[in-house]
Amino acid sequence: MSFGLDEDRTAIREMALGFAAEHIAPHALDWDRDKTFPVETLREAAALGMAGIYVREDVGGSGLSRLDATLIFEALSTGCPTVAAFLSIHNMCAWMIDAYGDADQRQRWLPSLMGMERIASYCLTEPGSGSDAAALRTRAERDGDHYVLSGEKQFISGAGASDLYVCMIRTGEAGPAGISAIVVEKGTPGLSFGADERKMGWNAQPTRAVRFDGCRVPVGNRLGAEGQGFKIAMSGLDGGRLNIAACALGGAQAAHDKALAYMADRRAFGAKLTDFQALQFRLADMATSLEVSRTFLRHAASALDAKDPAATQLCAMAKRHVTDAAFEVANQALQLHGGYGYLAEYGVEKIVRDLRVHQILEGTNEIMRVIIARGLTGGRR
Ligand SMILES: Cc1cc2nc3c(=O)[nH]c(=O)nc-3n(C[C@H](O)[C@H](O)[C@H](O)COP(=O)(O)OP(=O)(O)OC[C@H]3O[C@@H](n4cnc5c(N)ncnc54)[C@H](O)[C@@H]3O)c2cc1C
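Residues numbered from 1 in each chain as written. Predicted model: local features only at pLDDT ≥ 70, side-chain atom pairs only at ≥ 80, totals over all residues.

(A) Highlighting the UniProt feature "active site" (unreviewed entry) in the protein. Mapped onto this numbering, the UniProt entry annotates "active site" (unreviewed entry) at Glu 362. Residue classification places Glu 362 among the buried positions, given that 26 C-beta atoms sit within 10 Å. Leaving out residues up to four positions away in the same chain, Glu 362 has contacts with Leu 237, Gly 240, Arg 241, Ile 244 and Lys 319. (UniProt positions renumbered as here; feature names shortened; annotations may be inferred. Buried ≥ 20, exposed ≤ 12 C-beta atoms within 10 Å, placed from the backbone. Contact = placed C-beta atoms within 7 Å.)

See the structure below:
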């Protein structure tokens, strides 16, 4: 289980596992049922350094690696993948500000993001553009020292609750080169939010549209140069995809463990479920699938840490493989519970519902194949 992890990494993983067991898992079903976004719990995680895992230390970040982040998100997700996944989005935004912000922007925003006194959301998707993100239409017109924003973002995790919105906005020509990354602060006149979406899973975090109606934002809120926004957005997603995969893996591990415990107890035809070889083989395949996913995820994370030219490909492969494998394992765990797997109180159906969206967001798994194939063929589409 701890292949390749030194003493420090083992300690990081155990810290996050302990936090998940004590502060997340006991509440996960209630948060799902009541649609509670557990901000105070997120702040407790932040106090342990988990809100800026790979942000530099001068602004309060933990200065850890992408590999460390995958260990943390996998561990937290054994308590609840939804809560861990929101934390991963916040981390992605914080890293974008750390990596592309100037000295003033880093000091202005990062210290409060590290403690989660302020929370961040990532705004790329629009009603008319999801996978084809470079076709986005939300516009920013320059007016002196300000941009005036108009348009709408769709499916924004944390929207309404978050304080900072890292937004990809069109400041120039059509296509990726006309996009800039602009941070919009909550309370800016003209910024508003849609209703909290009713959805299949991920109920412990809100998902809303974000609207800009003549929203005036200082030019000093732009990260990097004009036209650099799409590159910034995509570089954030390499690590984001590792984290989303790690969250799926932790959820699937929890589902697997629940199935194992249940089967050791449940009897049918005069024997325990764990005595049937057909079911033992099912468990063996699930455990193998989780180990393969874990090993490959850590390989991809190490490639990103090493700035390997193949890192984007490997992150896409990891996201595609791990989220598909994890969903399948969780679904099998539900099946192994029989009818009880379908009941909310056993906690497995929630994991299945939560993990489904990991195959869709931060680039669908079809788009992961597009990225992988582009690397193989040199194609552009
Ligand atoms: C709960 C939830 C939270 C989210 N949070 C955020 C967030 O915080 N910030 C944010 O910016 N976005 C967020 N998203 C949006 C998410 O990233 C998009 O839904 C996703 O990228 C897909 O875009 P789409 O829904 O427009 O689907 P479409 O792009 O319309 O795709 C529809 C189908 O066509 C397939 N497809 C499209 N193009 C191709 C192609 N070239 N080749 C093969 N297949 C293709 C897709 O894979 C998919 O199966 C969230 C979504 C959900 C559901």
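Here the narrative resumes, following the displayed structure.
(B) Inspection of the site of the ligand at higher detail. The immediate surroundings of the ligand are formed by 23 residues, with Gly 130, Ser 131, Ser 157, Thr 364 and Glu 366 found nearest. Taken together, the elements giving at least two residues each to the shell around the ligand come down to strand E1 (120-123), strand E3 (146-157) and helix H11 (365-377). Within the shell around the ligand, the residues separate by chemical class into 12 nonpolar, 8 polar and 3 charged. The residue makeup of the shell around the ligand includes at least three contributed by each of domain 2 (120-226) and domain 3 (230-377). (Near = placed C-beta within 6 Å. Helix = DSSP H or I, 4+ residues; strand = E, 2+ residues; numbered from the N terminus. Nonpolar A, V, L, I, M, F, W, Y, C, P; charged D, E, K, R; others polar. Domains from an automatic or database assignment.)

(C) Here's a closer look at the pairing of E1. Taking every second residue as pointing to the same face, both faces of E1 are buried, with Ala 120 and Tyr 122 on one and Ser 121 and Cys 123 on the other. Across 4 bridges, E1 lies against strand E4 (residues 164-170) in parallel orientation. Pairing of Ser 121 across the sheet is with Tyr 165, part of E4. (Pairing = 2+ DSSP bridges.)

(D) Region of interest: the environment of Phe 37. Here Phe 37 lies in the loop between helix H2 (28-34) and helix H3 (39-47). Phe 37 has contacts with Ala 161, Ala 204, Gln 205 and Pro 206, leaving out every residue within four places of it along the chain.

(E) Structural context of the environment of Ala 318. For Ala 318, the position within the fold is in helix H9 (residues 311-336). The spatial distance from the C-alpha of Ala 318 to the C-alpha of Asp 285 is 19 Å, given a sequence separation of 33 residues. With sequence-adjacent residues up to four places away left out, Ala 318 is seen in contact with Arg 241, Leu 242, Ala 245, Phe 296, Leu 297 and Ala 300.

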